[in-house]
Structure formats: structure tokens, C-alpha cells
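Geometric and topological summary
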Amino acid sequence: MSTARTAWGWGLASQDEQGRTLDTWYPKAEISTPPTPANRPNHDFGDQVNNQPDARGIRKVPVFTVADLDGPIANAADAYLRLHLLSMRLSLPNSMNLDGIFEQLNTVVWTNYGPFAVEDFALRRSAVMAATSRSMPGIPVTQVTVLSVDKFPRMVDYVVPEGVRIGNADRIRLGAYLAPGTTVMHEGFVNFNAGTLGHSMVEGRISQGVVVGDGSDIGGGASIMGTLSGGGRHRVSIGQHSLLGANAGIGISLGDDCVVEAGLYVTAGTKIGLGDEEVKGAALSGRDHLLFIRDSRTGQVRALPRKKGIELNERLHAN
């Protein structure tokens, strides 16, 4: 019996004149056995479909995508389906194969008019402005504004999850997983295949592969080392009711009810005083009920027992 996990859905793909897929939007997706072609449901994208290139040089075409979530990523449409599954909360971070995703995604100029290919952007921008002016004579034309040049778009342009607040949409990539009750402040950042598993305050950076447990707080300017930051394949995580203080950072996992004081960076190789002995940070990775501080007299990093975790403001996170 096959144990393969598959996802499927109808998407609307943006393809440039070279036939490259710049993005694919999936209004719905499912993780289940895909229907046979005879039983495949249809999705009407209406006038969003254009089989002839528009002023950007982009065609919008429907695609039906099936992805083997444990297998390699087949193409850009497959990659976008997997990113949607994460932001739609249909799949948890680190639960599917995302190896090679950068190779499957194209670098795109993301704008308020949608995606553009990089190579001829200047000419295409002029064509879009001219076409818009012709279609709305006498009305000032909105400038084509570049939001980013990246392989990953903003999450909220494709998926808007319920029960969250986001201060700056530019800092949440498609493929982020934000649980209900999450607040991401203006300087917070959440990468793809990363996110929160419950009520959380995010004012720092959650890197790729990192998950943050219910009731935890990532302080302003704080940083969590991810697998794209030189951390190899080790997945750093934060448990429940823990606090990563302002401008602090970790390269090890925190268990439940832990605190890292402001400004302190703890990595696997950090030498830490624990009682009468000294251990490396890796030995404490994932352990519960610890307070990590730096002794102001000696400069030594110490780990002290801590009985109780932090408590977030319930009214603040009732999103």
C-alpha cells in the first residue's frame, strides 16, 4: 500500500514570454489523494485568465498541480503549492520536502502591478504605464512601485490567515506559518517554512525552519539561527511560554518556560556555567525551565533554574 502524501489544487500561474512561471496563486488546496482527470473539479478564474501576454509580457493561465510532499519539487507551480500549504496552515513547518526550492523558483520583480521578469523590467514598466494611461484617459496613472526583487513574494498577497496581526506585510514571506493569536510587529520577520504554533508576540526574526511554541515572545531585534544562516540541518525551536529578550539570539533550541536575557547570544559552542560545572550550549539545547544570563561581574554566561514561564497579555493576542 502506498504511503505517499500528496497535495493538489487549481492554481493561476503567471508565465513570462520565455515560458517561465514567475508565480502561482492557489485559492484552495488539499492534502489528499488527487482526483482522477474524469472526476477533477473545475475552478473558474473568470477574467483573471489571459492567454495573450499583457503589457508586462505575462500570461495568466490555470494549472492543475499535484505534489508528492515527500518527493522532490517538480517545478515552480509545485513549489508554490507547498508554500501555500504552509501559509494556509494545512501543513506544519518542516513536515514536507522543500529541498531544492531555490532552484525551482525564479527571481522576480514584485510590484503593485504584479510580478515582472527581471531582464526587461524597465521597458515593461514603461509599457504598463502607457497602457494604463490609454485605458484611463485623464486620470493620473499610479506609478509602478517595486516592492522587492526576490524569489519569494509577500505572504499576504496570496494568503491572509485569520486571527493574526501583521505590522509590516513586506516582512512575512509566502510559506510562513502563523497560528491564530500571533502578532508580528513592524520589525518582526518570518521566513518560509517557519513560524508560530500558538499565541505569540514576534518583534524579532524567525528564520527558515524555526518554530515558536504557544505563549512565547521574540523580543525586538532578537534573532533565531535558521538552517539558511549557517546552521546546517539542525532545526532550532522555542518551546511554550519562553522569552527571547530584545537583541538576544540563539543557535540552540529553548524548551518550555525559558528566558534568554536581552542582548545575550547563546550558540551550541557557548560555554555556560551550570551550577558548579561548565558545559557547552549544545548540552542545554531544548531543556526546560532555564534562565540564560551573563554575570555582570565576571562576564560568564550562566544558566539558572526558572520555575515559571512568561505570560502574554491575553487581550493583546485575542486577534
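Looking at an unreviewed UniProt entry, one finds the protein named 2,3,4,5-tetrahydropyridine-2,6-dicarboxylate N-succinyltransferase, with Bifidobacterium apousia as its source organism. UniProt, in the comment section headed Catalytic activity (unreviewed entry), describes the protein in these words: "(S)-2,3,4,5-tetrahydrodipicolinate + succinyl-CoA + H2O = (S)-2-succinylamino-6-oxoheptanedioate + CoA". Word for word, the UniProt comment on the protein under Sequence similarities (unreviewed entry) is "Belongs to the type 2 tetrahydrodipicolinate N-succinyltransferase family."

Let us look at the overall build of the protein. A count of helices and strands for the protein gives 3 helices and 26 strands. By its C-alpha atoms, the protein is 75 × 60 × 35 Å across when sized along the principal axes. A total of 319 residues make up the protein; the buried ones form 47% of that total. Within the protein, contacts between residues at least 6 apart in sequence are counted, and of these 49% link residues at least 24 apart. Total accessible area computed for the protein in this model is approximately 15,200 Å², and 50% of it derives from carbon and sulfur atoms. Seen as two clouds, the 30 positive and the 32 negative side-chain charges of the protein have centres 2 Å apart.

Not every positive phi belongs to a glycine, and N193 is a case in point at roughly 55 degrees. Inspection of the secondary structure assignment puts N193 in the loop between β11 (189-190) and β12 (194-196). By relative accessible area, N193 is classed as buried at 3%. Phi at H241 is positive, roughly 55 degrees, even though this residue is not glycine. By the element assignment, H241 lies in the loop between β18 (237-238) and β19 (243-244). Take H241: its relative accessible area is 22%, and that puts it in the partly exposed class.

Quick look at the side chain of S87 now. By secondary structure assignment, the location of S87 is in helix α1 (residues 76-87). Polar side-chain contacts of S87 include one of 2.9 Å to the backbone nitrogen of G175. At a separation of 2.9 Å, a polar atom in the side chain of S87 contacts the main-chain carbonyl oxygen of A176. Contact partners of S87, with chain neighbours within four places excluded, come to M155, V159, P161, L174, G175 and A176.

Strand order in the open sheet formed by 10 strands is β8-β10-β13-β16-β19-β21-β25-β26-β23-β24, with mixed pairing between adjacent strands. A single partner strand is all that each edge strand has here, and the edge strands are β8 (165-166) and β24 (277-280). As paired strands, β19 and strand β21 (residues 259-260) are joined by 2 bridges and run parallel to one another. Bridge assignment links L244 to a residue of β21, and that residue is V260.

Turning next to the sheet that holds strand β22 (residues 265-266). Strand order in the open sheet formed by 5 strands is β11-β14-β17-β20-β22, and the pairing between neighbours is parallel. At either margin of the open sheet sits one strand with a lone partner, and together these are β11 and β22. Sheet topology note: the strand β14 (residues 205-206)/strand β17 (residues 223-224) ladder contains 2 bridges and is parallel. Looking at β17, one finds that I206 is bridged to I224.

A separate point is the environment of I58. Along the chain, I58 turns up in the loop between β3 (30-31) and β4 (59-68). Residue I58 is classed as buried on the basis of its relative accessible area of 0%. Each C-alpha atom, one on I58 and one on S296, is 59 Å from the other, the two residues being 238 residues apart in sequence. With sequence-adjacent residues up to four places away left out, I58 is seen in contact with S14, Q15, D16, L22, N50, Q52, P53 and P115.

Let us look at the domain arrangement of the protein. Taken domain by domain, the protein consists of domain 1 (6-114) and domain 2 (155-316). The distance between the C-alpha centroids of domain 1 and domain 2 comes to 31 Å. A combined buried area of about 1,600 Å² lies between domain 1 and domain 2, and 62% of that area is made up of carbon and sulfur atoms. Considering only the surface of domain 1 that becomes buried against domain 2, S87, R89 and N94 emerge as the three largest contributors, covering 41% of it. Summed over the shared surface of domain 1 and domain 2, the result is 0 salt bridges.

Summed over the entire model, instances satisfying the criterion amount to 8 aromatic pairs. Their ring planes at 65 degrees and their centres at 5.3 Å tell us that W10 and F64 sit as a pair that is edge-to-face. Here F64 lies in strand β4 and W10 lies in strand β1 (residues 6-15), a separation of 54 residues in the sequence. Overall, F64 belongs to the buried group, its relative accessible area being 18%. With a centroid separation of 5.4 Å and 70 degrees between ring planes, the pair formed by F102 and F152 is classed as edge-to-face.

Conventions adopted
- Residues numbered from 1 in each chain as written.
- Predicted model: local features only at pLDDT ≥ 70, side-chain atom pairs only at ≥ 80, totals over all residues.
- Heavy atoms only, no water.
- UniProt positions renumbered as here; feature names shortened; annotations may be inferred.
- Helix = DSSP H or I, 4+ residues; strand = E, 2+ residues; numbered from the N terminus.
- Buried < 20%, exposed > 50% of the residue type's maximum accessible area, 1.4 Å probe, protein only.
- Contact = heavy atoms within 4.5 Å.
- Areas by Shrake-Rupley, 256 points an atom, 1.4 Å probe, with all protein chains shown as cover.
- Lys, Arg positive; Asp, Glu negative; His and termini not counted.
- Charge placed at Lys NZ, Arg CZ, Asp CG, Glu CD.
- Polar contact = N/O pair within 3.5 Å; in protein donor to acceptor, adjacent residues only side chain to side chain.
- Pairing = 2+ DSSP bridges.
- Domains from an automatic or database assignment.
- Buried area = accessible area lost by both parts, 1.4 Å probe.
- Salt bridge = Lys/Arg side-chain N within 4 Å of Asp/Glu carboxyl O.
- Phe/Tyr/Trp six-rings, centres within 6.5 Å; stacked < 30°, edge-to-face > 60°.

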